[in-house]
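Each chain is listed here by its residues.
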Amino acid sequence: VQLQAFGGGLVLPGGSLRLSCAASGRTFSSSTMGWFRQAPGKEREFVAAISPSGGTTSHSDSVKGRFTISRDNAKNTAYLQMNSLEPEDTAVYYCAADGSGVVITKPTPSRYDYWGQGTLVTVSS
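Everything in this summary refers to the structure shown in the same document.

To continue, consider the overall build of the protein. In terms of helices and strands, the protein carries zero helices and 11 strands. Listed N to C, the secondary structure of the protein is β-β-β-β-β-β-β-β-β-β-β in terms of helices and strands. Scaling as 2.2 N^0.38, a compact globule of 125 residues should have a C-alpha radius of gyration of about 14 Å, and the protein matches this with 13 Å. For the protein, the spread of C-alpha atoms along the three principal axes comes to 40 × 25 × 25 Å. Per-residue burial over the protein gives 43% buried out of 125 residues. In the protein, the proportion of contacts linking residues at least 24 apart, taken out of those at least 6 apart, comes to 58%. In the form shown here, the protein has an accessible surface area of approximately 6200 Å², with 48% of it arising from carbon and sulfur atoms. Computing the positive centroid from 11 side-chain charges and the negative centroid from 9, the protein places the two 5 Å apart.

Right, let's get into the nonpolar core. Counting residues in each nonpolar core, the largest one holds 27 residues, and the members touching the most others are Met33, Trp35, Val47, Phe67, Leu80, Met82 and Tyr93. Of all the elements in the fold, those that place two or more residues in this core are β1 (2-6), β3 (17-24), β4 (32-38), β5 (45-50), β7 (67-72), β8 (77-82), β9 (91-98) and β11 (119-123). Counting five residues, the second largest nonpolar core, distinct from the first, contains Phe36, Phe46, Ala49 and Ala96.

Right, let's get into the pairing of β9. With seven of eight residues buried, β9 is to be regarded as a mostly interior element. Sheet topology note: the β4/β9 ladder contains seven bridges and is antiparallel. Residue pairing in the sheet places Gly34 in a bridge with Ala96 of β9. Of the pairings in the sheet, the one linking β9 to β11 comprises three bridges and is antiparallel in character. Of the residues in β11, the one forming a bridge with Ala91 is Val121. One ladder, built from two bridges, connects β9 with strand β10 (residues 114-115); its direction is antiparallel. Each residue of the ladder has a partner; that of Ala96, found in β10, is Trp115.

Paired through their backbone hydrogen bonds, the strands of a sheet run either parallel or antiparallel. The four strands are arranged β1-β3-β8-β7 in an open sheet whose pairing can be described as antiparallel. Two strands bound the open sheet, and with one partner strand each, they are β1 and β7. On average, each strand axis in the sheet is inclined to that of its neighbour by 15°, with strand direction left out of account. Where β3 lies against β8, six bridges are found, and the strand directions are antiparallel. Paired with Ser20 across the bridge in β8 is Tyr79.

Calculation criteria
Residues numbered from 1 in each chain as written. Predicted model: local features only at pLDDT ≥ 70, side-chain atom pairs only at ≥ 80, totals over all residues. Heavy atoms only, no water. Helix = DSSP H or I, 4+ residues; strand = E, 2+ residues; numbered from the N terminus. Rg over C-alpha atoms; globule rule 2.2 N^0.38 Å. Buried < 20%, exposed > 50% of the residue type's maximum accessible area, 1.4 Å probe, protein only. Contact = heavy atoms within 4.5 Å. Areas by Shrake-Rupley, 256 points an atom, 1.4 Å probe, with all protein chains shown as cover. Lys, Arg positive; Asp, Glu negative; His and termini not counted. Charge placed at Lys NZ, Arg CZ, Asp CG, Glu CD. Core = buried A, V, L, I, M, F, W, Y, C linked by side-chain atoms within 4.5 Å. Pairing = 2+ DSSP bridges. Axes fitted to C-alpha atoms, helices over the stretch in contact; angles between N-to-C directions.

As structure tokens, this is what we get:
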């Protein structure tokens, strides 16, 4: 699976962005898709994950209620809708694919097999 994340940019605090992750390859629909982020000087952290069917999702406590992960298997694309953005959300956001098809709480990055190149989200006034 090859992944390409896009949709990042500069947004005011309280604003919204939707990130997209376009995938190529036949295994997208059987893969758990995840979003991670990495702020300067910090480790990469889990943001959200969604099962292959879309029926199960997991969000980190820091984004729960503000961010929503979704997917469209017909378009081989995963999304991260981000609302009520805060300066602390500033980071490079990465999408990733886990071929196991399982959604677990707080997965480590090492669980994911394939990674996109990242898209920068900056929340600032």
